[in-house]
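Structural overview
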Amino acid sequence: MRITKKLLTRLEGEVQLKLVWDEGKIKDAFVIVPHFRGFEKVLEGKPYLDALVITPRVCGICGHAHLIASAKAIEEVCRKAGIEFYLTEKAKTFREITLLLEILQNHVKWFYLYFFPDFFKYVGVKDEDYRPFVGKRWSEAIKASNLITKALATLAGQWPHNSYAVPGGITSDLFPAELVRASSLIKEFVKFLEERVFGISLRELLNCKTKRFLEHLRGDAKLFLEKALENGLDRAGRSYANFLTGGSVEPLIKPCVKKEKTCKFHPEWIEEKEDFSYFGKNGYTWSKAPRYRGLPYETGPLPRQYFARNPRVLYLYRNFKDSLITRVYARLEELAIFSLLVLEKVESLDLFQKSWIRPPVNTKELSGRGYGIVEAARGTLIHEVEIEKGVIKRYNIITPTAWNLGPRDEKFLGVAEKALIGLESEELAYLVLRGFDVCSVCTAH
Amino acid sequence: MKNLEKPFYEIVRELANLSDFVVALGNCAVYGNIPALKDEKIVELQFRFKEKEGLLGKDFRSKRGLPVVNISGCPAHPEWFINTLLELKHRGKVPLDELGRPKEFYAYFTHDGCIRVQYYEWKVEAEELGTKEGCLFYKFGCRGPLTHSSCNRILWNGVSSKTRSGQPCFGCTEFDFPRENLFETKLNMGIPAELPPEVSLRAYIMMAGVAKTFTPKRLKRKLIDEDNEEAPNET
């Protein structure tokens, strides 16, 4: 029996992968997050609005999702305390737009900057255009994702780490001309997707309801699917196929849990197991292991597209289950689906509505508990806040990466760990791990 | 960092002694910031908050003779970072302030270049969030006039900034970020408890008195009066 350890880089933070080998196969796998910062502890004792500034700092890639989750959690506390207040359609839609934009910039960076270089190495393709830092395609991807972050900053001031969502609405008050600029940046991004990623128009792609999409596709999505099939990635990386989506993306995706009879999600049913995290006795990572009614769940683009009945992702899922190929393609699909959705939402905005309506609450008196649940790039993000007389008494963050990359419990391996068992090469193991869109700073905040 | 073959701080020390320049990027690396708040063991490259108690020691100089060059901010602005690196490469030096930050970027305040600056000058307070009008310094905790940064000079993502989009500045380039009660200005008898550096209370009160007495009326109106917007012809 052989044990290998390797540090995975080119991601937000570091992750170490420890593999136990037996007769040339991975017998056991440990996903190790060596960093811990203690955000939840820092929040304790602070006035509750400070969460809007502190929680986005958990992550430089999905910080905006943390902001919206904080705002929603506080709003739920207000609502439960019987405080009547409402958000204008404009404020709601702004938040939806900026959340989606953050997902878009993430997915495109993930694919070209993090996943593709390892993928090319594994499938043995040498193409200078895709080489990190120097390749033409590589820098085009950065420029494309910058279009989206520019659009996001136009709406929310800056990215990352703005705090433009506050209980009762948003702080920004755009001129129509600014919105038009954001919209044309997004349209330019769509052009990039059509030319480079899918090779066909996004409408055309979304109109493919059968496996014919495989014939229509061109571009890097096609390149990925072809090479992935040639190299057996349709069999690699299968995990439990337990899917969970706790948030919603209006109007396409609603909360759902695969093993449950009804499509309802109850955050209070989550238990975070600590035995195998450094908080417990057999710890090897700073992440906890969230379980929903005792079971491990995968969250992210694959579950979202599965629940949304995306015919192309469902075709791959029926044939290849929750393998690497399905997981990666689901993430690519979100680029297409969410860019068109975001444009629709931008069109629907009425800028002359109010941005913010002050909630009639005495900030020194508010008490109660609330959840804020959003769909972030990597899946369901949950914030739970307990406020006592305007001060945070307890704050708990359950990140998507804790679901996907968290450790085992006494019964079940973590989702990513399970996906690595039985693989025959170290390179493939890293690639499968990459497929989950690894981020260590969220996994252990 | 647990579980690595060699402790992280040893790696950093070894690399620092081999380097022409050492640059700390972001408030965590510069001052300790959020991770250091609840953990006394955490120190940064040359500082812990504003004290020079960092890993490399207060007298550290890299091979080319500079202390740690601190690009503070949460996040640090990519352009300040890249331009500092390029300047170090081409000129071999860069003027630093007492916290090790390049003066070219940190001699300014967030306030400089803010599009709400007239409201500040004439003491017109923002009464609500979510509007283009009013200054956020008086009620909403804006640290713009107290925070060293170039946020409103070199814009974020090339397009905007916090104060331009109606958010108060939270002072994220300073050693004491995150302070407490970030959305509220602490007042002493109606006057902001903290005044901009080197502004005396007497000067502030006199200026405020004059400004409030003579505020141009246009600053009390909306920038665009929606009711006056010409309705499109109905067909």
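The notes below deal with the structure included here. (Residues numbered from 1 in each chain as written. Chains lettered and ligands numbered in written order. Predicted model: local features only at pLDDT ≥ 70, side-chain atom pairs only at ≥ 80, totals over all residues. Heavy atoms only, no water.)

1. Side note on the side chain of B:Arg143
All names here are of chain B.
- Among the structural elements, Arg-143 can be located in the loop between helix H6 (117-121) and strand E3 (187-188).
- For Arg-143, a relative accessible area of 13% translates into the label buried.
- Residue contacts for Arg-143: discarding those within four places in its chain leaves Cys-169, Phe-170, Gly-171, Arg-179 and Glu-194. (Helix = DSSP H or I, 4+ residues; strand = E, 2+ residues; numbered from the N terminus. Buried < 20%, exposed > 50% of the residue type's maximum accessible area, 1.4 Å probe, protein only. Contact = heavy atoms within 4.5 Å.)

2. Brief notes about the environment of A:Arg131
- With respect to the helices and strands, the residue A:Arg131 is situated in the loop between helix H4 (89-123) and helix H5 (136-156).
- Residue class for A:Arg131 comes out partly exposed when judged on its relative accessible area of 42%.

3. So, the state of the cysteines
Residue and element names in this part refer to chain A.
- Taken as a whole and judged by the stated rule, the model has one disulfide over all chains.
- One disulfide in the model links Cys-256 with Cys-263; its S-S distance is 1.8 Å. Of note, the bridge from Cys-256 to Cys-263 carries an S-S torsion of about -55° and is left-handed in sense.
- Judged by its relative accessible area of 7%, Cys-256 is buried.
- The thiol sulfur of Cys-59 is not disulfide-bonded, and the nearest other cysteine sulfur, from Cys-442, lies at 3.6 Å.
- Relative accessible area serves as the criterion here: at 0%, Cys-59 is assigned to the buried category.
- Cysteine Cys-439 remains unbridged, with the sulfur of Cys-59 as its closest cysteine sulfur at 3.8 Å. (Disulfide = S-S within 2.5 Å.)

4. Focus: empty space enclosed by the protein
Residues and elements named next belong to chain B.
- What the rule picks out here adds up to three cavities of 30 Å³ or more.
- Reported here for the largest cavity is a volume of approximately 110 Å³.
- Lining the largest cavity we find 14 residues, and of these Thr-110, Cys-151, Lys-162, Cys-169 and Cys-172 sit closest to its centre.
- In terms of residue class, the lining of the largest cavity is made up of five nonpolar, eight polar and one charged. (1 Å grid on protein atoms, 1.4 Å probe; cavity = no way out; pocket = protein on both sides within 12 Å on 5 of 7 lines; lining within 4 Å. Points joined across faces, edges and corners; volume = space filled by probe spheres on them. Nonpolar A, V, L, I, M, F, W, Y, C, P; charged D, E, K, R; others polar.)

5. Details of the interface of chain A and chain B
- On the chain B side, the residues contacting the 50 residues of chain A number 41 residues.
- Together chain A and chain B conceal approximately 3900 Å² of surface at their shared face, both sides included; 60% is due to carbon and sulfur atoms.
- Contact with chain B buries surface across chain A, with A:Gln158, A:Thr171 and A:Phe352 losing the most and accounting together for 14% of the total.
- Remark: the boundary between chain A and chain B carries four salt bridges.
- A salt bridge links B:Glu128 to A:Arg358; the shortest N-O distance between them is 3.8 Å.
- The interface formed by chain A and chain B includes 17 residue pairs in polar contact (both at pLDDT 80 or more).
- Sorting the residues of the side of chain A that touches chain B by element identifies strand E1 (2-8), helix H1 (39-43), helix H2 (51-54) and H5 of chain A as the ones contributing at least two each.
- Broken down by element, the residue count for the side of chain A that touches chain B peaks at five residues, all from H5(A). (Buried area = accessible area lost by both parts, 1.4 Å probe. Salt bridge = Lys/Arg side-chain N within 4 Å of Asp/Glu carboxyl O. Polar contact = N/O pair within 3.5 Å; in protein donor to acceptor, adjacent residues only side chain to side chain.)

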